[in-house]
Amino acid sequence: MRPRSLTALLLATLLAPAAPTARAEEGAKVNFADHVASIFRNRCGSCHNPDKAKGGLNLETFGGAMQGGGSGAVIEPGDPDASTLLSVILQTEEPKMPPNSGKIPDAEIELVRQWIAGGALESSGSKVAAKAKPKMELKLDPNALGKPAGEPAMPEALPTEPYLADARPGAVVALAGSPWAPLLAVGGHKQVLLYRTTDAHLMAVLPFPEGTIHCLKFSRGGDVLLVGGGRGGQSGIAVGFNVKTGERVFEVGKEYDAVLAADVSPDQSQVALGGPGRMVRVYSTADGSPLYEIKKHTDWVTALEFSPDGVLLASGDRSNGLFVWEAATGREYQELRGHATAITDVSWRADSNVVASSSEDGTVKLWEMNEGKAIKNIAAHGPGVSSVEFAKDGRLATAGRDRFVRVWDANGGKQSEFEPFGDLALAVALTHDAAAIAASDWSGTIKLREVKDGRLLATLAPNPAPIAVRIDQARQQRAESEAQAVALTNELPPLQAAATAAAEAHAQAQAAFTAAEQAAEQQAAAVAQREAESNAKAAALQDAATTAQAASQIAAQAAAEQAAAEKAVADADAAEKAAIAALEASKGTVDKALADKSAFDAALAAAAEALKAAADPDAAMKASEDLVAQAQKATELVQALAASATARSTAAVAVKQAAASKAAAPQAVPPAQLKAKAAALGVAAATEAVKRAEAEKAEVDKVLADARAAAQQAAAVVADLKPKLDQAVAAKAAADKALGDKASLADAARAKAAALKAEIELLSVEKDRSAQAKPGLASAGN
């Protein structure tokens, strides 16, 4: 179903009751003048007349009715169901017309339906015009958009005779890569060149006599190439070419100035174009009829592209105006503000959620579609960005006035930068697999490079010579290649001999080096074995030393025990003597104490008698004091006597103990002596074991030293042979490279000669085909 336009909305002025309308006589042709004009005049004339023409729709005249309004045609001759006008007056779709009212009489509706079904004739003498039909089925099923089911479209035996033979190329401002095939379109003056990107072969020349080409776009399926251009200030047009056949399948937009920007919708039903007229016009590819116009731009429209899902249309102009529109209706969806100067290009990301715009302000901006905000600002080319293109994987390719071409990752980081052009870089296009990138500059230079490493794959001619000239050139190049191949082949034998000699020398050097390495490995193994033995002997020596140390400690302990036993005997004898002496001494003390006590007892008795005999108190007092003193002294003597008796008893016990110790002490001496003697023998044995271990380790260490010396000598031989081997390897590699390079050059020369032969045959066929078609060449002045 066609999109409902603003014009349909304005058909609300279909007024109710009016004067009776004419009826068609039986068998008469229903036409505008006799039958329909009165209905439009009575029902619509107040709003859709030449003076008012709401929505740009004038139903007063046949021409006005057929032209439609600002949003496109409302009448599809021969197809009432597809005509917006009939749908709204039937009130089967919103908005119902007239609004807030019932339908117009059924008889009038039927008359309008018959008029449209009969071909929408102007008068009774008019003939039904044949409806323009596309030369191929253009509109695609929205569910089948993307990669084609079969082989991607490539030119099939199309002429390559240039339409215009320019002596000097002009600036190439338009490039486009097929989305699915290895095919690059190059726009020039009055012709499009189609190059195969795998080998830079010119596949086709599509004439565009309408003028200079300003824009190229492949359809999303790659089977249609849209070409926009014209003559500045005079005319402009957009043409769709069948990529396989080279046939024009549609032409839209009879403009009064050159078309600067154009694109075909993903379903191939619409073409949008713009240019100096500051207006975006959208046409049907089915019959070339206008669908709607967008008049909001204030300067030349310089960039246009439909979103991959076909829902939106982005457009930019020379005064930094950047908009996104609903593709079906032309209604404004977003205004994207941010660039300071002219918009040069727009490109959509594959998911249709982000659009990239390039500008002469030097930046590329990425815009999201939910709110129309810039999510990334890339300072791509300081003096200005000329072109931008999204790859399928989200990367970006750009070309700029700084003469550089660059590739950016999905986050806006610079990924690659290629050798600059000699002039301003104007256009950029990625191949179908994004493995190669094509770019052009102001001087007409076109370069095809690998994206990965920037290697130059080909320099493409923007102005190929006539086929006859190319055949002559190919023949000359073929002869040169064949001669070169012969000369290079003649140089191969000595190089082969040198390579053989270098291989033999290398083999000898390798054999010597391998033998030396094996000997060195054997010596290294011997060293490892001797080192293991030395480590074992060192461990044995350590064990012997530990044993000797332990034996010495035991011997020392046994000697100490023997000395202690002998000392114990001497100490016991001395103790016994001392105890006996103490016992004897205690006996005399006891005897003396007894004698002293007897004397004090007598003195005490005398003192007691004296006290009794005392006649006066003083004498009695003195006698009493003497008695007390004597009694006190007697008490002390009793105590001393008791202590002497205790000491004597203790001395007697000590004598017994000392006698027992003296009897026991000699028994410990013989075992201690035996133990000390045994320990001395153990020390001697351990010491002898240490000496043997030291001797054995010294012997192994000498063998180890000899092995290490032999290993060092073997390593020195390897080190001496390594440079010689490296030299032999380098000599062999150099000889092989020289031979391989020369053979490759010879093979390349032969391959080039074979390719040129095939090219000559192909060009000869194309020449014959072109001669039969007799297209002729346009002069450079046209």
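Heads up: these notes are all about the structure in this document.

Definitions and cut-offs
- Residues numbered from 1 in each chain as written.
- Predicted model: local features only at pLDDT ≥ 70, side-chain atom pairs only at ≥ 80, totals over all residues.
- Heavy atoms only, no water.
- Pairing = 2+ DSSP bridges.
- Helix = DSSP H or I, 4+ residues; strand = E, 2+ residues; numbered from the N terminus.
- Axes fitted to C-alpha atoms, helices over the stretch in contact; angles between N-to-C directions.
- Expected span 1.5 Å × (residues − 1).
- Buried < 20%, exposed > 50% of the residue type's maximum accessible area, 1.4 Å probe, protein only.
- Arc of directions from axis to C-beta.
- Salt bridge = Lys/Arg side-chain N within 4 Å of Asp/Glu carboxyl O.

1. Structural notes on the sheet that holds strand β14 (residues 322-326)
So, point 1. Strands sit in the order β12-β13-β14-β15 across an open sheet of 4 strands; the sheet is antiparallel. Only two strands of the sheet have a single partner each, and these edge strands are β12 (301-306) and β15 (332-335). Across the sheet, the mean angle from the axis of one strand to that of its neighbour is 20 degrees, orientation sign disregarded.

2. Re helix α5 (residues 106-117)
So, point 1. Its 12 residues place the ends of α5 16 Å apart at the C-alpha level, agreeing with the 16 Å of an ideal helix rising 1.5 Å per residue.
So, point 2. When α5 is considered as a whole, its buried residues turn out to be Glu 108, Ile 109, Leu 111, Val 112, Trp 115 and Ile 116. What you see down the axis of α5 is that its buried residues fit within an arc of 160 degrees, all on one side. Those residues of α5 that are exposed and angled more than 90 degrees off the buried face are Asp 106 and Ala 107.

3. Quick word on unusual backbone geometry
Working note: non-glycine residues mostly have negative phi, and peptide bonds are mostly trans.
So, point 1. Of note, the phi angle at Lys 190 is positive, near 70 degrees, even though the residue is not glycine.
So, point 2. Residue class for Lys 190 comes out buried when judged on its relative accessible area of 4%.
So, point 3. Phi angles above zero are rare outside glycine, and Gln 268 is one such case at about 65 degrees.
So, point 4. By the secondary structure assignment, Gln 268 is in the loop between β8 (261-264) and β9 (270-274).

4. A short note on the pairing of strand β16 (residues 343-348)
So, point 1. Of all 6 residues in β16, 6 are buried; the element is thus mostly enclosed.
So, point 2. Bridge analysis of β16 against strand β17 (residues 354-359) gives 5 bridges, and the strand direction is antiparallel. From the neighbouring strand, Val 346 faces β17, where its bridge partner is Ser 357.
So, point 3. Counting the residues that bridge the hairpin from β16 to β17 gives 5 residues, and of these Ser 352 lies at a positive phi of roughly 65 degrees.

5. Side note on the pattern of salt bridges
So, point 1. Tallied over the entire structure, the rule returns 38 salt bridges.
So, point 2. A salt bridge links Glu 450 to Arg 455; the nearest nitrogen and oxygen atoms lie 2.6 Å apart.
So, point 3. In this structure, Glu 533 engages Arg 530 in a salt bridge whose closest nitrogen and oxygen atoms are separated by 3.1 Å. A residue pair is termed a helical-turn pair when its members lie 3 or 4 positions apart in one helix, as Glu 533 and Arg 530 do in helix α7 (residues 492-613) at 3 residues.
So, point 4. One salt-bridge network, in which partners are shared between bridges, spans Glu 210, Arg 248, Glu 251 and Lys 254.

These values are about where atoms sit, not about what they do.
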